[in-house]
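# Secondary and tertiary structure notes
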Amino acid sequence: MQWITDLLLLFFPSNCLVCGKRLHSHRAVLCFECEYKLPKTRFADRIDNPVSMIFWGREAVVAGTSLFKFEKGSVYQALLHDLKYRGNRMAGFYLGRLLGQELKQSVFSDCDLMIPVPIHRNRLKKRGYNQSELIARGASEITGIPLVNNLVIRKGKSKSQTSMNRQERFDNISAAFSLGKRPRNFKDKKILIIDDVLTTGATLEACSHTLLEHFKCFVYIATVSYA
Ligand SMILES: [Zn+2]
């Protein structure tokens, strides 16, 4: 898919998204220094980490991890913002590859397949891509874990959740996911769910719930950042 990368380069200047320094690799989004300074969690190495703990007592998630911790006002906000709102697909592949490096040689590398958290088709049409899928593609390239799309689909937009309590939030968002076209049997499979940002965990919890409702599988979670 080299031609896609080349095409993207026409639209996105190859300067570091954080400091603006000229980049040497056309597949990078950050310069070496900014990549080095990314506040990586290294959570993939241990199951009992703060991201896994978010799901304790909620859904049967075996383990969770995030590439880096997001701090308010962080210069790395630009990465996530560009990916989600400014059509920067390269940022997605790039972050996915960085995430993949963290997952490699950890318990996560034993997963049988990975799925991106789906977005609703109207949003997909509007945005042109699902940012979680781009991340998953990058991570899949590095780890070799196959990417399966549309195993879980997003049926509708969930309502604004600001005035809801935790149970109401869960019910609201759970209703937004369902199983896609009748898939193969994923019994006993280890399924890794990929998303861009983890905050309350409600979206990932609901997505896990949809899987666990239908398959006796094992759910793992990996996101680019957590707040
Ligand atoms: Zn930089």
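Residues numbered from 1 in each chain as written. Predicted model: local features only at pLDDT ≥ 70, side-chain atom pairs only at ≥ 80, totals over all residues. Heavy atoms only, no water.

Ligation of the zinc ion by protein atoms is provided by Cys 16 (SG), Cys 19 (SG), Cys 31 (SG) and Cys 34 (SG), these donors lying 2.3 Å from the ion. Classification of the site at the zinc ion rests on its four donor atoms, whose angles at the metal span 102 to 116 degrees, yielding the label tetrahedral. In the primary structure, the donors to the zinc ion are separated according to the pattern C-x2-C-x11-C-x2-C. Taken as a pair, Cys 19 in the loop between α1 (2–11) and α2 (32–37) and Cys 34 in helix α2 lie far apart in primary sequence, 15 residues in all. Judged by its relative accessible area of 45%, Cys 19 falls in the partly exposed class. By relative accessible area, Cys 34 is classed as buried at 9%. (Donors = N, O, S within 2.8 Å, 3.2 Å for Na, K, Ca; no water. Tetrahedral: all angles 85-135°; square planar, octahedral: opposite > 155°, others 65-115°. Helix = DSSP H or I, 4+ residues; strand = E, 2+ residues; numbered from the N terminus. Buried < 20%, exposed > 50% of the residue type's maximum accessible area, 1.4 Å probe, protein only.)

Glancing now at the pattern of salt bridges. Counted under the stated rule, the structure contains 10 salt bridges. One salt bridge connects Lys 37 with Glu 33, and the closest N-O pair in it is separated by 3.3 Å. Here Lys 37 pairs with Glu 33, and both are found in helix α2, just four residues apart, close to one helical turn. In this structure, Glu 205 engages Arg 58 in a salt bridge whose closest nitrogen and oxygen atoms are separated by 2.8 Å. (Salt bridge = Lys/Arg side-chain N within 4 Å of Asp/Glu carboxyl O.)

Time to look at the packing of aromatic side chains. Per the stated rule, a full pass over the model turns up four aromatic pairs. Plain terms: the ring middles of Phe 68 and Tyr 76 are 6.1 Å apart, the flat faces sit at 55 degrees to each other, and that makes the pair tilted. Residue Tyr 76 is classed as buried on the basis of its relative accessible area, which comes to 6%. Ring centres of Phe 186 and Phe 215 lie 5.5 Å apart, and the angle between their planes is 90 degrees; this geometry places the pair in the edge-to-face category. Of this pair, Phe 186 sits in the loop between β4 (177–179) and β5 (190–198) while Phe 215 sits in the loop between α9 (202–214) and β6 (218–226), placing them 29 residues apart in sequence. Accessibility assignment for this pair places Phe 186 and Phe 215 in one class, buried. A cation over an aromatic ring shows up here: Lys 69 above the ring of Tyr 226, its NZ or CZ 4.8 Å from the ring centre. (Phe/Tyr/Trp six-rings, centres within 6.5 Å; stacked < 30°, edge-to-face > 60°. Lys NZ or Arg CZ within 6 Å of the ring centre and 35° of its normal.)

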